[in-house]
Amino acid sequence: MSVMHTTIARHSSSRLYSGSTWTGIAIVVAFFACLPALNLFFPVDHPLHVSSFTVALIGKFLCYALAALALDLVWGYTGILSLGHGLFFALGGYAHGMYLMRAAKSSPEILPDFMGFLSWKTFPWFWSFTEHFWYAMLLVVLVPGVLAFMFGYFAFRSRIKGVYFSIITQALTFAAMLLFFRNETGFGGNNGFTDFKKILGFDITSADTRAVLYWVSLATLLGSLILARAITQSKLGRVLTAIRDSESRLRFLGYEPLGFKLFIWTVSAILCGIAGALYVPQVGIINPSEMSTENSIEMVIWVATGGRGTLIGPIIGAGTINGLKTWFTSVFPEFWLYALGLIFVLVTLFLPQGIVGLARQLGQRFKRIKP
Amino acid sequence: MRLTYRSFKRWLLAFVLVLPLQLSFAAELVEPQVLSGLAGDSNDERAKSITALGLLSTPGAAVVLAALGDGNVLITSDGRILLARGDQQVFDPTTGVTQARPSDAQSLTLNNRLRRALQSALASSELFSAQTSTRLAAAQRLQKEADPARAPLIERALNAERDQNIRRALEVALASAAIKSPDAVIRRNAIIALGESKNAAFKPALLAIVTASSSGQYAEPDDTVRAAATLALKQIEQHQTLISWVGNIFFGISLGSVLLLAAIGLAITFGLMGVINMAHGELLMIGAYATYIVQSLFKQWLPGWMDWYVLAALPVAFLVTAIVGMALERTVIRWLYGRPLETLLATWGISLILMQAVRSIFGAQNVEVANPSWMSGGITVLGNLTLSYNRLVIIGFAFFVVMAVWLVLNYTRLGLFVRAITQNRQMADCVGVPTGRVDMLAFGLGSGIAGLAGVALSQLSNVGPDLGRGYIVDSFMVVVLGGVGQLAGTVVAALGLGILNKIIEPFWGAVIAKIAILLFIVLFVQKRPQGLFAPKGRSAE
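Because the structure is a prediction, the values reported are computed rather than measured.

Reading the values: rules and limits
Residues numbered from 1 in each chain as written. Chains lettered and ligands numbered in written order. Predicted model: local features only at pLDDT ≥ 70, side-chain atom pairs only at ≥ 80, totals over all residues. Helix = DSSP H or I, 4+ residues; strand = E, 2+ residues; numbered from the N terminus. Rg over C-alpha atoms; globule rule 2.2 N^0.38 Å. Buried ≥ 20, exposed ≤ 12 C-beta atoms within 10 Å, placed from the backbone. Contact = placed C-beta atoms within 7 Å. Axes fitted to C-alpha atoms, helices over the stretch in contact; angles between N-to-C directions. Parallel < 35°, antiparallel > 145°, perpendicular 65-115°, else oblique. Left-handed = near helix turned anticlockwise from the far one by under 90°. Nonpolar A, V, L, I, M, F, W, Y, C, P; charged D, E, K, R; others polar. Pairing = 2+ DSSP bridges. Domains from an automatic or database assignment. Expected span 1.5 Å × (residues − 1). Core = buried A, V, L, I, M, F, W, Y, C linked by C-beta atoms within 7 Å. pLDDT = per-residue confidence, 0-100.

Regarding its fold elements, chain B presents 22 helices and seven strands. The C-alpha atoms of chain B give a radius of gyration of 35 Å, which is well past the 24 Å a tight globule of 541 residues would have. Its C-alpha atoms give chain B principal-axis dimensions of about 115 × 65 × 40 Å. Relative to its full complement of 541 residues, chain B shows a buried share of 42%. Considering only contacts within chain B whose residues lie at least 6 apart along the sequence, 70% involve residues at least 24 apart.

Below is the structure:
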């Protein structure tokens, strides 16, 4: 049996995707990579010009897609439904936001305004070193990672699963939101962080900087997709799927699921934190409402709509739902919640495999008719 | 001789109050010797005379005092005191005669010292006013002034007073006047009385007695008085602690009963079907809006019965939410049995739709739901702790609902089926329990209870489209903590969380208390994943 596993593992890890899939990915990535260039190099009235709004919007969607991909690793592949990924997303955002807040001032020693309102004289301890970009990036990875590791360790060790796990992740996120809403916590309370000016010395609002942030997001998403593919194709990934399908049977076979679950849970939280860190400079604000129950559940529906248990699905889902949201809120703002609610109901009832699953079904039917 | 005269006056006053028309003339007069001081040149004499007028507390004296305040008192050269009535006429308070103004009448001007004397004299005379509110205000003013010379007057007022609130205020005033007495024994007794009264209003005065100045001197020279003050302070503080604890427990039980109402419907649906109903909060909200509609209908058609609209709202809310719940079960949830995570998402979608629907129909603003008159107000216990009627009613209502649910689950056929399915769905199905229909009915029951909870919530908090969102996390916490399908667990968890929350709140503030509770539950579930009352038996997975 172990022989079979290793052969599968070796076979799959040597070739993540088939040649044609690689070509497809390259074409899609190239297309999205071109958008900011079209925005920069063509004048506004040129037919090939892409508006700054579109670039900013797609840049935002790339971050959402990364978060959805991260969530899919735990939900779609391991069967752990987290209603708390908004927390990791926001923590990554806050960690990066701390650097951006300090970079916005002429000297990193000047306190942000909200601390002035509290009549604080110095930065609290958890703000130390945040004037260094590298340290903030370290926090982006470490804070969600360590929190997820600790929470996951206790939760998985006690074999909390299913809806129980979902509910306590929701409670954790809710508690964190309340904590961040307090002014005294030291993260700007209600208003959070905003009014960013510079990142690594560059003007954060300039088109060039935005294009770079967009490309970094795209590259990170691509890198994460490949990483996720590597994980899910490996032997480790097979164990994860086994946990999803029958955890107790896996345990009877002699596997201890704790380490596997903890690994994928932590990786997922870190990816989600990175998504948040990429998101904040692009939208220019981070506040505690990112941790609201609604946001975390909306992430889940991105994954469900695209197709969980596939890696491309969450990316498609995040783009579809957020595209719809943008369209609705500009055309029929009062109908957006009806639409979103219906999507939740219809997807769970009729599209359990999401858009990707639907496409596969249609494709198979098409193949059956063709010969 | 003087004493008998005073008691005679009091009897007279009593008659005046009983028979104001017949006997008013007698009380309207003032003895000439009381007024004589006013006519003299000495300010001392004038002050004494004004104080005496205050102590007299007859309507006649009150008239003179009022005239003094208005600057309408005239003095003739032969020492008579007259009150100006317009420009031409004067009124003699000693005889009750109104006459033309004598040419030699000079108006009496008050200096600051006399003005102060007048102020306190007015307060004294107001102690006997026919108006309850005037008497209370006067007693409260005397508390602040704390003049030992006024102690006999306050005692007299206390004897005549029947209103409990005013009596209490007078007792306080009396004791705070006695604290200033030159006699250490009186001071000590007064302080002991203050300690017995357990009234927090004395804390500053007592603290001033026991606190040493920067040079180590005490304002109070007598050791025994200081010791008594320390003791009294301790008594008052103990009483305050008691009040705050009783208050915390009461508000904790109140919060717990709200949580219980919100969670019990959820416990039924979750326990029975393992269904996480994210739309449960919206069912609460619909129940509250049903109350609003019933209230509007009563306003329109039965304004005389407005006080009882809440009772009429109960069955309406139950039916409306039960129907909504059953419709949900038949159309969406039944297709998702065995897939709890999907149910969670679908019901979340439903909650979004319900919320937006209510927003479209009733508007995004809160609607106004009023407490009926029998639910407003409250009873005061332990001096100054008010237990409001609406909270008391809701605590009672919560227990009524729990009892009803318990009876339904244990003594009806439906309850038997529900318990059977909770224990083992397949087995129940095999022995002929119509599981589909029972699921629908049980879901309707859980939803209907959410509707009842909505009626209760409408009496405590704002009714708006977001009402349910605030309760959804909390009620899940209750269900998780209590254990699945356990009525007793739900009750204990709800009340426990409510009380714990209110006990932590004074120390850490509301937000941190909430966070602490959530973290506590997260940790607790690590230890006991099945909740407080885990179902026994071999229900692996």
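Past the structure itself, the notes keep going.
To continue, consider the overall build of chain A. A count of helical and extended segments in chain A gives 15 helices and four strands. A compact globule built from 371 residues should have a C-alpha radius of gyration of about 21 Å, and chain A, at 22 Å, falls within 12% of that. Reported as C-alpha extents along the three principal axes, the dimensions of chain A are approximately 70 × 55 × 45 Å.

So, about the packing of helix α14 (residues 336-350) of chain A against helix α15 (residues 340-362) of chain B. Where α14(A) contacts α15(B), the axes come no closer than 8 Å and their chain directions differ by 155 degrees. Between α14(A) and α15(B), the interaxial angle falls into the category roughly antiparallel. The element α14(A) and its partner α15(B) pack so that their crossing is left-handed. Two secondary-structure elements touch here, α14(A) through A:L337, A:Y338, A:L340, A:G341, A:L342, A:I343, A:F344, A:V345, A:T348 and A:L349 and α15(B) through B:E342, B:L345, B:A346, B:W348, B:G349, B:I350, B:L352, B:I353, B:M355 and B:Q356. When the residues that make up the contact of α14(A) with α15(B) are grouped by side-chain class, the tally is 15 nonpolar, four polar and one charged.

Residue and element names in this part refer to chain A. Counting through the fold element by element, F196 comes out in the loop between β1 (193-194) and β2 (198-199). The class of F196 is buried, set by 21 C-beta atoms lying within 10 Å. Along the chain, F196 and G284 lie 88 residues apart, while their C-alpha atoms are 6.3 Å from each other.

Let's shift gears to the sheet that holds strand β5 (residues 106-107) of chain B. Residue and element names in this part refer to chain B. Taken together, the five strands give an open sheet; going across it, the order is β4-β3-β2-β1-β5, and neighbouring strands pair in antiparallel fashion. In this open sheet, the two edge strands, each paired with only one partner strand, are β4 (97-100) and β5. Inspection of the sheet shows strand β3 (residues 89-92) paired to β4 by four bridges, in the antiparallel sense. Within β4, the position partnered with Q89 by the bridge is A100.

Right, let's talk about the domain arrangement of chain B for a bit. Per the domain assignment, the segments of chain B are domain 1 (2-195) and domain 2 (242-527). When each unit is reduced to the centre of its C-alpha atoms, the spacing between domain 1 of chain B and domain 2 of chain B is 60 Å.

For helix α16 (residues 389-411) of chain B, spanning 23 residues, the distance from its first C-alpha to its last is 32 Å, which sits close to the expected 33 Å at 1.5 Å a residue. B:R391, B:I394, B:I395, B:A398, B:V401, B:V402 and B:V405 are the residues of α16(B) that are buried.

Of the residues lining the interface, 33 residues belong to chain B; the matching set on chain A comes to 37 residues. Of all the secondary structure elements, the ones that give two or more residues to the side of chain B that touches chain A are α15, α20 (469-482) and α22 (510-527) of chain B. If one sorts the elements of the side of chain B that touches chain A by residue count, α15(B) sits on top with 14 residues. A per-class count over the side of chain B that touches chain A returns 26 nonpolar, four polar and three charged.

What follows covers unusual backbone geometry. Residue and element names in this part refer to chain A. Phi is positive for S119, close to 50 degrees, though the residue is something other than glycine. Looking at the element boundaries, S119 is found in the loop between α5 (113-117) and α6 (133-157). Residues other than glycine seldom take positive phi values, yet F129 does so here, at roughly 70 degrees. Looking at where F129 falls in the secondary structure, it is placed in the loop between α5 and α6.

This part takes up the nonpolar core. If you look at the biggest cluster of nonpolar residues, it comprises 192 residues, and the most contacted ones within it are A:L66, A:A67, A:A68 and A:A275. With residues up to four places along the chain from it excluded, the contact list for A:A275 reads A:C63, A:L66, A:A67, A:A70, A:F89 and A:G92. Membership of the second largest hydrophobic core comes to 32 residues, among which are B:V172, B:A173, B:A178 and B:V225.

Residue and element names in this part refer to chain A. Remark: helix α12 (residues 293-306) packs on helix α15 (residues 354-369), axes separated minimally by 3 Å, with the N-to-C direction vectors making an angle of 5 degrees. By the criterion of interaxial angle, the relationship of α12 to α15 is roughly parallel. The residues of α15 that touch α12, namely those facing A304, T305 and G306, are G354, I355 and V356.

Take the pairing of β3(B) next. Residues and elements named next belong to chain B. The pairing of strand β2 (residues 81-85) with β3 spans three bridges and is antiparallel. Bridging across to β3, A84 finds its partner in V90. Hairpin remark: β2 followed by β3, antiparallel, with three residues in the connecting loop; positive phi at G86, about 75 degrees. Adjacent in sequence and paired antiparallel, β3 and β4 are bridged by four residues, among which G96 carries a positive phi angle near 80 degrees.

Residues and elements named next belong to chain B. As for its placement among the helices and strands, A279 is situated in the loop between α12 (223-273) and α13 (280-301). By the C-beta count within 10 Å, which is 30 here, A279 ends up buried. On a C-alpha basis, the gap between A279 and W308 in space is 29 Å, while along the polypeptide they are 29 residues apart. Setting aside its immediate chain neighbours within four residues, A279 contacts L328, T347, I350, S351 and L354.

As a further point, take the confidence of the model for chain A. Of the residues in chain A, 96% reach a pLDDT of 70 or more, and the chain-wide mean stands at 90. Of all the helices and strands in chain A, helix α1 (residues 2-14) of chain A carries the lowest mean pLDDT, 45, while helix α11 (residues 257-283) of chain A carries the highest, 96.

All names here are of chain B. Summary statistics for chain B give a mean pLDDT of 81 and a share of 92% for residues scoring 70 or more. The low-confidence segment residues 15-25, where pLDDT is below 50, has seven contacts with residues more than four positions distant or belonging to other chains. Of the two predicted TM-score estimates for the complex, the pTM is 0.78 and the ipTM is 0.88.

Along the chain, B:M427 turns up in helix α18 (residues 425-430). With 331 residues separating them along the chain, B:M427 and B:G96 place their C-alpha atoms 100 Å apart.

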